Amino acid sequence: MNYVLSLDQGTTSSRAILFDRHGKVVDVAQKEFTQHYPQPGWVEHDAEEIWASQLEVTKEVLARVGSDGSDVAAIGITNQRETTVVWDRRSGKPISRAIVWQDRRTAAFCDHLKEQGHEDEIRAQTGLVVDAYFSGTKVRWILENVDGAREAAEAGHLAFGTVDSWLIWNLTGGEVHATDPSNASRTMLFNIQDLAWDESLLEIMGVPRSMLPDVVPSSGLIGTSEASLLGSEIPISGVAGDQQAALFGQVCVDPGMVKNTYGTGCFMLMNTGSRAVASQNNLLTTVAWQIGDETSYALEGSVFIGGAVVQWLRDGLGVIQTSSEVEDLAATVESSDGVFLVPAFAGLGAPHWDPYARGTLIGLTRGSTAGHIARAALESIAFQSADLVDAMEADSGIDLASMRVDGGAAANNILMQFQADLLEVPVVRPRILETTALGAAYLAGLAVGFWSDIDTLKALWAEDQTFISQMSETRRVALTKSWTRAVERSQHWIEAV
């Protein structure tokens, strides 16, 4: 066996990556898919397009290395979390578009849950705040708004899953309907202490138990792919939500270790070991992974718009042609010159949790240029991440010693240096930035003996570059104060509906 195949199904693209025994990328294929915005604050995907794109890139990467699948030891799956797919078990077809994690249409229902006094119960059972971000209210919306959905669900004909479940279903020809605890813990339907679907939460959300997938360990045999799809039957033996997978890919396996992923959003996780730490600062308590009978937990802070702000500069404003141009544009100025961009395009995530916030560009003068806006956009990613660190240190009682970083935007040196400046701790970039896909591969490979143990994985991790703070305390304090003022101006911008 030469490879582990990782399926990395993200918010804007599907990717397939082959890894060798050294944890190095052998080959990668990627395909973007359509983003649908039917109304302000709504974000949807075509689940069939997701599957088609994922299958296409998987076949492509295998073909390029001349593999018929027989030399692939295992498949690991990592996925955009919370995005909600409901399909008919009889046809295998979705009954609507998938509702994406960024979607805010259920914000008013979340307000209703709070008014009804459910917030503390939901928090205690799930480790989550009551927010439209999570899957539970999205499932309910589909059942309430798609013709015939409620009746079909009550009759046992419908299946719900996050994207990992949708991929597993299709890979196995509908034989397996499963998810792992890292994904289940993001639904607002899963008790993270009992590691089981919670009947009281299902009743609150109005979601029939029959719709839900089986919950299996993150590392272990889940099923096998149909031979007709990839040329051979391949064990599917690893699955984790993208951010937990990145934590594992960074080998942050000891309590207190922290990683931040700079993807479409930014997601910071701190490993808290076997202890589920309840947050007092609006962070989330989540399952990191389950290997055998051992479950690891994490504290998480979620920034909704991270690298997506660069896509907005490209597609919305048209000031750059490709995302990679943003660093050169930002480098045309020495600072943002008082310009601040709060990219609350889909509301604000942790630690604010304000679904009614909206994007704010402030501090503009006649001398402001596209370069200042580009720099403010990059800096907004670092400012939001720094807010998460403050909350995480307060919750855990642990002062951050360093932070491991990954994701596409982690390749941006201006951003990484500014992040180190704000945090006053080393920001460490690994040689392999594909840590999300790597984490899924590690989980899958461990299950089939491709890698022998976690110590082997620790030895594979290698540093690329470390960024050290160079900013004066006076400037850091002044910038942070201005950022806080800008965030305040973005909050509660639209009225609840």
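Structure's up top.
Residues numbered from 1 in each chain as written. Predicted model: local features only at pLDDT ≥ 70, side-chain atom pairs only at ≥ 80, totals over all residues. Heavy atoms only, no water.

What exactly am I supposed to notice about the environment of Gly-41 here?
Note on placement: Gly-41 falls in the loop between strand 3 (25-32) and strand 4 (44-45). Residue Gly-41 is classed as partly exposed on the basis of its relative accessible area, which comes to 24%. Spatially, the C-alpha atoms of Gly-41 and Pro-355 are 9.2 Å apart, while their sequence positions differ by 314 residues. Filtering out sequence-adjacent residues up to four positions away, Gly-41 remains in contact with Gln-102, Asp-103, Arg-104 and Arg-105. (Helix = DSSP H or I, 4+ residues; strand = E, 2+ residues; numbered from the N terminus. Buried < 20%, exposed > 50% of the residue type's maximum accessible area, 1.4 Å probe, protein only. Contact = heavy atoms within 4.5 Å.)

Looking at this structure, I do not really get the nonpolar core. What am I missing?
Ranked by internal contacts, the top residues of the largest apolar core, which has 127 residues, are Met-211, Tyr-262 and Met-403. In this view, Met-403 contacts Val-258, Lys-259, Asn-260, Tyr-262, Met-268, Gln-419, Leu-423, Pro-426, Val-427 and Val-428; residues no more than four positions away in its chain are not counted. Counting residues in hydrophobic clusters, the runner-up holds 35 residues, among them Tyr-3, Val-61, Trp-166 and Ala-178. (Core = buried A, V, L, I, M, F, W, Y, C linked by side-chain atoms within 4.5 Å.)

Just to check I follow, could you spell out the side chain of Arg-375 for this structure?
Here Arg-375 shows up in helix 13 (residues 370-396). The buried category is assigned to Arg-375, whose relative accessible area is 15%. Other than its neighbours up to four places away in sequence, Arg-375 contacts Ala-330, Ala-331, Val-333, Glu-334, Ser-335, Ser-336 and Ile-414.

In this structure, what is going on with the packing of aromatic side chains? I would like to understand it.
Given two aromatic rings, one states the distance between the centres and the angle between the planes to describe the pair. The final tally for this structure, using the stated rule, is 19 aromatic pairs. For the pair Phe-134 and Trp-353, a centre-to-centre distance of 6.2 Å together with 40 degrees between the ring planes defines the contact as tilted. Linking Phe-134 in the loop between helix 3 (119-126) and helix 4 (135-145) with Trp-353 in the loop between strand 19 (340-342) and strand 20 (360-362), this pair joins segments that are 219 residues apart in sequence. On the basis of relative accessible area, Phe-134 is assigned to the buried category, the value being 0%. On the basis of relative accessibility, which here comes to 10%, the residue Trp-353 falls in the buried class. (Phe/Tyr/Trp six-rings, centres within 6.5 Å; stacked < 30°, edge-to-face > 60°.)

What is the right way to read the packing of helix 13 against helix 14 (residues 413-423) from this model?
Each packed pair of helices is defined by two parameters, the angle between the axes and the distance between the axes. Viewed as axis vectors pointing N to C, helix 13 and helix 14 meet at an angle of 40 degrees, and their least axial separation amounts to 9 Å. Here helix 13 lies oblique to helix 14, going by the angle between them. Here helix 13 and helix 14 pass one another in a crossing that is right-handed. Note on element contacts: helix 14 touches helix 13 through Ile-414, Leu-415, Phe-418, Gln-419, Leu-422 and Leu-423, opposite Arg-375, Leu-378, Glu-379, Ile-381, Ala-382, Phe-383, Ser-385, Ala-386 and Val-389. Here the residues of the contact of helix 13 with helix 14 sort into 11 nonpolar, two polar and two charged. (Axes fitted to C-alpha atoms, helices over the stretch in contact; angles between N-to-C directions. Parallel < 35°, antiparallel > 145°, perpendicular 65-115°, else oblique. Left-handed = near helix turned anticlockwise from the far one by under 90°. Nonpolar A, V, L, I, M, F, W, Y, C, P; charged D, E, K, R; others polar.)

Where do I start with the pattern of salt bridges in this structure?
Side-chain pairs of opposite charge can arise where the charged atoms are in close proximity. Within this structure, the stated rule accounts for 24 salt bridges. Residues joined in a network through salt bridges with shared partners are Arg-81, Glu-82, Arg-186, Asp-242 and Glu-300. (Salt bridge = Lys/Arg side-chain N within 4 Å of Asp/Glu carboxyl O.)

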